Amino acid sequence: MAAFSGKFQYRDAGDRLLDQGACEVSFNTETCVIAPAASAPMAFDLGDIDVAVAADYDLTLRLYNEKRIVLRQFGPTFGRMRDELIAAWRMRTVRCLLLEDLAELGRFNGAVNGAASEIRVYGSNLAVLPLAGKPFQRRLAEADSIRFDESAYAYTISFGAEKLSVAKLGPKTGEFGEKLRAAFGALQRHSAEALHLTFPFLSPDEVRALVEAAPEGRSLKLSTMREIHPDLPDALLSRVVDDGLRPYFESLRKRSVPDALMTGFKFVRCDEGGSRPGAPAAEEASEAEAATSEGGDSEAGTEAAAGEAGPNAAPPLFFWFFFPLPGRNVVAWEAATGSGRATYFFRAAEPVAESIGRLTRGLSLVNFRREPVYLPDASLDREAKYHRYAIGRRKLAELAELRAAFLGRAIHSSVDAWQHQVDEVIARA
């Protein structure tokens, strides 16, 4: 741990002084320790810092519980302490935003909607890490447009009604635009390529219509696919619903609202361990010895892997289905890629299609990891290996909403056992 000596103040949400004095500050990639000379030390996760406000001679850290730690009088080491602590905080924040397994294309210092921020461009996401505001991320596939305003010398990125203005990039203004547009363009090109190779019977106009209707990481109705081409739904189902999944899929289909089934896809890539979304892992093993287990964090790969599978092979795709169930405002979610699976159930308010859109966005933002969704609050809060998910739950409103909507899951151990679990989950809804 890096260690620095100086002074601190510890204040509550009402600015009441709780402690102060000489101290030693030390931190690593996850933990910060404030060791006062005259009282017991404090230790906290760097992800517990929501806001860092840096001045010339002091650094204020606002924690998620609204308490503040002010670090000052560190002498000539202050600049180094401030810079290294902020850098460690940002790296931890990226992990808590569940972005660490994505390929980073570039980092830039600028202003986002007027707030000084570090901006990180990934192959499929954009992370904004402000000093005096809460960090957040957005998926590039959800961007409607990217425009550069010469008069304001700023980029405007539109996400529906939300607009991000990125300015004050200095000499890196051009590089930022190039990286951002390259990532956005690559997603669109790879979508068109993958969908063409998956559905080779589609005409160029039909591929374009499908890309527009179903950008990577969103859900659409199968009936919409049928409007693009009458054979699309059957071609999709025959390609991605294998023999192992079919009995579960057909059972859900019979239970669901007619013509309301929704589907979507994301790109996947191998992680450092070589596994891929849907590959067996230990995530479900503790619940059913006979169950084929779902992927854990290795299911997080979300970026295009163009070129890895050869010029005539489609980039690997991760497909899913949502099944709205009648009369209960419940939807079932089924992943259709890989060997290990469970069915997940969520509450869905009317209109259901909009609820499914929000659920899809939440699942996409956590890169389709299962653990952040189904693990109980106690596991996230108490177990160190899951604690970044607890922090992510606080920082990502979409993850909090996803967890609040989660009703339960049914493991694909056997059709009979699965049916029993499905009935239990629906009865609790």
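Note that the structure is a prediction, hence the values are computed from the model and not measured. (Residues numbered from 1 in each chain as written. Predicted model: local features only at pLDDT ≥ 70, side-chain atom pairs only at ≥ 80, totals over all residues. Heavy atoms only, no water.)

### Structural notes on the environment of Leu-129
Next, step 1: Locating Leu-129 in the fold gives a position in strand E10 (residues 125-130).
Next, step 2: Using a relative accessible area of 2% as the deciding quantity, one classes Leu-129 as buried.
Next, step 3: With 39 residues separating them in the primary sequence, Leu-129 and Arg-90 have C-alpha atoms 6.9 Å apart.
Next, step 4: With residues near it in sequence (within four places) discarded, Leu-129 still touches Arg-90, Thr-93, Val-94, Leu-97, Ser-117, Glu-118, Arg-120 and Pro-135. (Helix = DSSP H or I, 4+ residues; strand = E, 2+ residues; numbered from the N terminus. Buried < 20%, exposed > 50% of the residue type's maximum accessible area, 1.4 Å probe, protein only. Contact = heavy atoms within 4.5 Å.)

### Some points on the sheet that holds strand E4 (residues 42-45)
Next, step 1: An order of E4-E3-E2-E1-E7-E6-E5 is seen for the seven strands of this open sheet, with the pairing classed as antiparallel. Edge positions in the sheet fall to E4 and strand E5 (49-54), since each has one partner strand and no second. Strand after strand, the sheet turns through a mean of 30 degrees between neighbouring axes, direction not considered.
Next, step 2: Relative to strand E2 (residues 17-27), strand E1 (residues 2-11) is paired through ten bridges, and the arrangement is antiparallel. When the bridges of E2 are listed, Phe-8 appears paired with Gly-21. (Pairing = 2+ DSSP bridges. Axes fitted to C-alpha atoms, helices over the stretch in contact; angles between N-to-C directions.)

### With respect to the packing of aromatic side chains
Next, step 1: Tallied over the full model, the rule gives 21 aromatic pairs.
Next, step 2: Through a chain of ring-to-ring contacts, three or more aromatic side chains come together here, namely Phe-318, Trp-320, Trp-333, Tyr-344, Phe-346, Phe-368, Tyr-374 and Phe-406.
Next, step 3: In this structure, Arg-409 is placed above the aromatic ring of Tyr-374, and the distance from its NZ or CZ to the ring centre is 3.4 Å. (Phe/Tyr/Trp six-rings, centres within 6.5 Å; stacked < 30°, edge-to-face > 60°. Lys NZ or Arg CZ within 6 Å of the ring centre and 35° of its normal.)

### A closer look at helix H7 (residues 352-365)
Next, step 1: The end-to-end C-alpha distance of H7 is 20 Å, a good match for the 20 Å that 14 residues give at a rise of 1.5 Å each.
Next, step 2: Within H7, the full set of buried residues consists of Val-352, Ser-355, Ile-356, Leu-359, Thr-360, Gly-362, Leu-363, Ser-364 and Leu-365.
Next, step 3: Among the residues trailing H7, Asn-367 stands out with phi positive, at a value near 60 degrees. (Expected span 1.5 Å × (residues − 1).)

### Section: the pattern of salt bridges
One side chain can pair with another of opposite charge once the charged atoms of both are near each other.
Next, step 1: By the definition in use, this model includes 30 salt bridges.
Next, step 2: Note that Lys-395 is salt-bridged to Asp-50, the shortest N-O span being 3.2 Å. Of this pair, Lys-395 sits in helix H10 (residues 387-395) while Asp-50 sits in strand E5, placing them 345 residues apart in sequence. In terms of burial, Lys-395 and Asp-50 fall into one category: buried.
Next, step 3: For Lys-266, the salt bridge is made with Glu-216, and the minimal N-O distance between the two is 3.3 Å. Residue Lys-266 is found in strand E16 (residues 262-267), and its partner Glu-216 is found in the loop between helix H3 (204-213) and strand E15 (219-221); the two are separated by 50 residues along the sequence. (Salt bridge = Lys/Arg side-chain N within 4 Å of Asp/Glu carboxyl O.)

### Focus on the environment of Phe-136
Next, step 1: For Phe-136, the position within the fold is in strand E11 (residues 136-139).
Next, step 2: Phe-136 has contacts with Leu-97, Val-112, Leu-126, Ala-127, Val-128 and Leu-164, leaving out every residue within four places of it along the chain.

### Some remarks on the packing of H7 against helix H11 (residues 397-405)
Next, step 1: For the pair H7 and H11, interaxial distance at closest approach is 9 Å and the crossing angle is 120 degrees. When the axes of H7 and H11 are compared, the crossing they make is left-handed. In contact with Arg-358, Leu-359, Arg-361, Gly-362, Leu-363 and Leu-365 of H7, H11 contributes Glu-398, Glu-401, Leu-402 and Ala-405.
Next, step 2: In the contact of H7 with H11, the residues fall into five nonpolar, one polar and four charged. (Left-handed = near helix turned anticlockwise from the far one by under 90°. Nonpolar A, V, L, I, M, F, W, Y, C, P; charged D, E, K, R; others polar.)

### Comments concerning the packing of helix H6 (residues 246-255) against helix H12 (residues 415-428)
Next, step 1: Contact pair H6 / H12: the axes reach a minimum separation of 11 Å and the direction vectors enclose 35 degrees. As for the relative orientation of H6 and H12, their crossing is right-handed in sense. Between H6 and H12, the contacting residues are Pro-247, Tyr-248, Ser-251, Leu-252 and Arg-255 on the first element and Val-415, Trp-418, Gln-419, Val-422, Asp-423 and Ile-426 on the second.
Next, step 2: Partitioning the contact of H6 with H12 into residue classes produces seven nonpolar, two polar and two charged.

### Thoughts on the nonpolar core
Across soluble globular proteins, you tend to see nonpolar side chains buried next to one another.
Next, step 1: The biggest cluster of nonpolar side chains holds 61 residues, and the ones touching the most others in it are Leu-126, Ile-157, Phe-176, Leu-210, Phe-321 and Phe-345.
Next, step 2: When residues of this core are assigned to their parent elements, the largest contribution, seven residues, is made by helix H2 (residues 173-198).
Next, step 3: Counting residues in hydrophobic clusters, the runner-up holds 38 residues, among them Leu-99, Ala-348, Ile-356 and Ala-405. (Core = buried A, V, L, I, M, F, W, Y, C linked by side-chain atoms within 4.5 Å.)

### Notes on the sheet that holds strand E20 (residues 406-411)
Next, step 1: If you trace the six strands from one edge of the open sheet to the other, you get E15-E16-E17-E18-E19-E20, paired in antiparallel fashion. Both outer strands of the open sheet, E15 and E20, are each paired with one neighbouring strand and no more. Direction aside, the axes of adjacent strands within the sheet are offset by 25 degrees on average.
Next, step 2: Sheet analysis places strand E17 (residues 317-325) next to strand E18 (residues 330-335), joined by six bridges and oriented antiparallel. When the sheet's bridge partners are listed, Trp-320 is paired in E18 with Ala-335.
Next, step 3: Taken strand by strand, helix H5 (residues 232-240) contacts E16 and E17, and its axis lies near 115 degrees from that of E17.
Next, step 4: The sheet contacts of H6 involve E17, E18 and strand E19 (342-347), and relative to E17 the element is tilted by about 35 degrees.

### Some details on the side chain of Ser-26
Next, step 1: Tracing the backbone shows Ser-26 in strand E2.
Next, step 2: A residue is classified by how much of its surface remains accessible, and Ser-26, at 11% relative accessible area, is buried.
Next, step 3: Dropping the residues within four chain positions of it, Ser-26 is found in contact with Met-1, Ala-2, Ala-3, Thr-31, Cys-32 and Val-33.

### Considerations on unusual backbone geometry
Next, step 1: For the bond running from Glu-350 to Pro-351, omega is -10 degrees, close enough to zero to count as cis.
Next, step 2: Positive phi, normally seen in glycine, also occurs at Glu-66, with a value near 75 degrees.
Next, step 3: As for its placement among the helices and strands, Glu-66 is situated in the loop between strand E6 (58-63) and strand E7 (68-72).
Next, step 4: Taking relative accessible area as the criterion, Glu-66 reaches 37% and is therefore assigned partly exposed.
Next, step 5: Located in the positive-phi region is Phe-368, a residue other than glycine, with phi close to 60 degrees.
Next, step 6: Here Phe-368 is to be found in the loop between H7 and helix H8 (371-374).
Next, step 7: Among the residues examined, Phe-368 registers a relative accessible area of 1% and is labelled buried.

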